[in-house]
Amino acid sequence: MAALAQAAVPRTSGLANVSTVAPTSRSAAPQRVGFSSNGLCGNVEALTAKKSAGFRVRDSAVVAQTVSTEPAVKEAKVSKKNEHGLVTNVYKPKTPYEGICLTNGKIVGDDAPGETFHMVFSTEGKIPYREGQSVGVVPPGVDEKGKPHKLRLYSIASSAPGDFGDYKTVSLCVKRLVYTNDKGEEVKGVCSNFLCDLKAGDKVNLTGPVGKEMLMPTDEKATVIMLATGTGIAPFRGFLWRMFFEKHDDYKFQGLAWLFLGVPTSSSLLYREEFEKMQQDYPDNFRLDFAVSREQTNAKGERMYIQTRMADYAEELWQMLQKDNTFVYMCGLKGMEKGIDDIMVSLAARDGIDWVEYKKTLKKGEQWNVEVY
């Protein structure tokens, strides 16, 4: 259980044009801290050294085996993620939870390409989610066929206690979808525009929570590499609040969290103030790298995307990826995974490792986690 303290105030720093309503009475909250607004060889010695340093040892490198005549007993898989006691699908599309919008505000500059909002909804503790899960939103009205709109899933942008610290709210990070179709007509995304236009006091139908792919690792000393583009930052905000803005009796992060965030302009950097505060207060445990594609270039003059920024640290990242307590999480646009594969192929090949097969091993071990769109 989280350590108890006086309920925290909502974190709305950096939000413009915030619509807000006072939350209902809350239970005691977890204490918030630090933010006030705010080819392995067959050589036995080499193999032993790799193991002692925590590196993953491939089966092909094993130099000796013990043959047993005892029948193999299949052990139950124990997840490396925070799955114990996980609750899912408490609310479904036909029986949604009716939440109330408490706050809603734009979190990008006026010159940013597009509008992105951070919004907080009341749940009264009836949607008990974990960091990395998602909730569904059922927009009102009907589609062009006269049928009720289908739900849209959104990654949760808050830690389990929520922005108020009372376990009674859920936050989302939503970009307004507006585009021009082949006929030259302006099209507005049904759900994103519904959400971005919400005012304090408005009601919204929520479903869930759902998802296990993006749950945090239980290892407090893990290396957690987070790769996000735009609103793909949502689950990682929850991760980082749990790691650095809260105190829990059963969890104290002592590892390394490394966030790569890719956006088109500096005015599009989401939650920048929060992340820079964490970096300032926990320099040994949190690394932060931005990739601003329209403003930054690398030494070759190439635009700075996530994979471009990661290429600057390719050797270091490859060394991390060979350790059993390194976890990679990727959320956002599909294209970035291929870019990262391109970086790792040659580095892995240098050590006699097939990156494609190695990545499968990482996925099987819950160390490579992807949620892209």
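Residues numbered from 1 in each chain as written. Predicted model: local features only at pLDDT ≥ 70, side-chain atom pairs only at ≥ 80, totals over all residues. Heavy atoms only, no water.

Named according to an unreviewed UniProt entry, the chain is Ferredoxin--NADP reductase, chloroplastic originating from Marchantia polymorpha subsp. ruderalis. Looking at the Cofactor (unreviewed entry) heading of the UniProt record, one finds this comment for the chain: "FAD". The record held by UniProt for the chain lists under Subcellular location (unreviewed entry) the comment "Plastid, Chloroplast". (UniProt positions renumbered as here; feature names shortened; annotations may be inferred.)

Looking at this structure, I do not really get the overall build of the chain. What am I missing?
Secondary structure assignment for the chain yields eight helices and 17 strands. Looking at the chain as a whole, 48% of its 373 residues qualify as buried. Surface accessibility of the chain: about 18,500 Å² in total, with carbon and sulfur atoms responsible for 50%. (Helix = DSSP H or I, 4+ residues; strand = E, 2+ residues; numbered from the N terminus. Buried < 20%, exposed > 50% of the residue type's maximum accessible area, 1.4 Å probe, protein only. Areas by Shrake-Rupley, 256 points an atom, 1.4 Å probe, with all protein chains shown as cover.)

What's the story with helix α8 (residues 355–364) in this structure? I'm lost.
It helps to recall that an α-helix has 3.6 residues per turn; residues three or four apart then point in one direction. Taken as a whole, α8 has its buried residues at W355, Y358, K359 and L362. Down the axis of α8, the buried set is contained in an arc of 100 degrees. They therefore lie on one face. The N-cap residue of α8 is D354: its side-chain oxygen and the backbone nitrogen of V356 are 3.0 Å apart. Directly after α8, the chain includes E366, whose backbone phi takes a positive value near 65 degrees. (Arc of directions from axis to C-beta. Polar contact = N/O pair within 3.5 Å; in protein donor to acceptor, adjacent residues only side chain to side chain.)

What is the right way to read the state of the cysteines from this model?
Here a disulfide denotes one covalent bond, and it connects the sulfur atoms of two cysteines. Under the definition given, this model contains zero disulfides. Left without a disulfide partner, C173 is nearest to the cysteine sulfur of C196, which lies 9.2 Å away. In this structure C173 comes out as buried when scored by relative accessible area, which is 5%. (Disulfide = S-S within 2.5 Å.)

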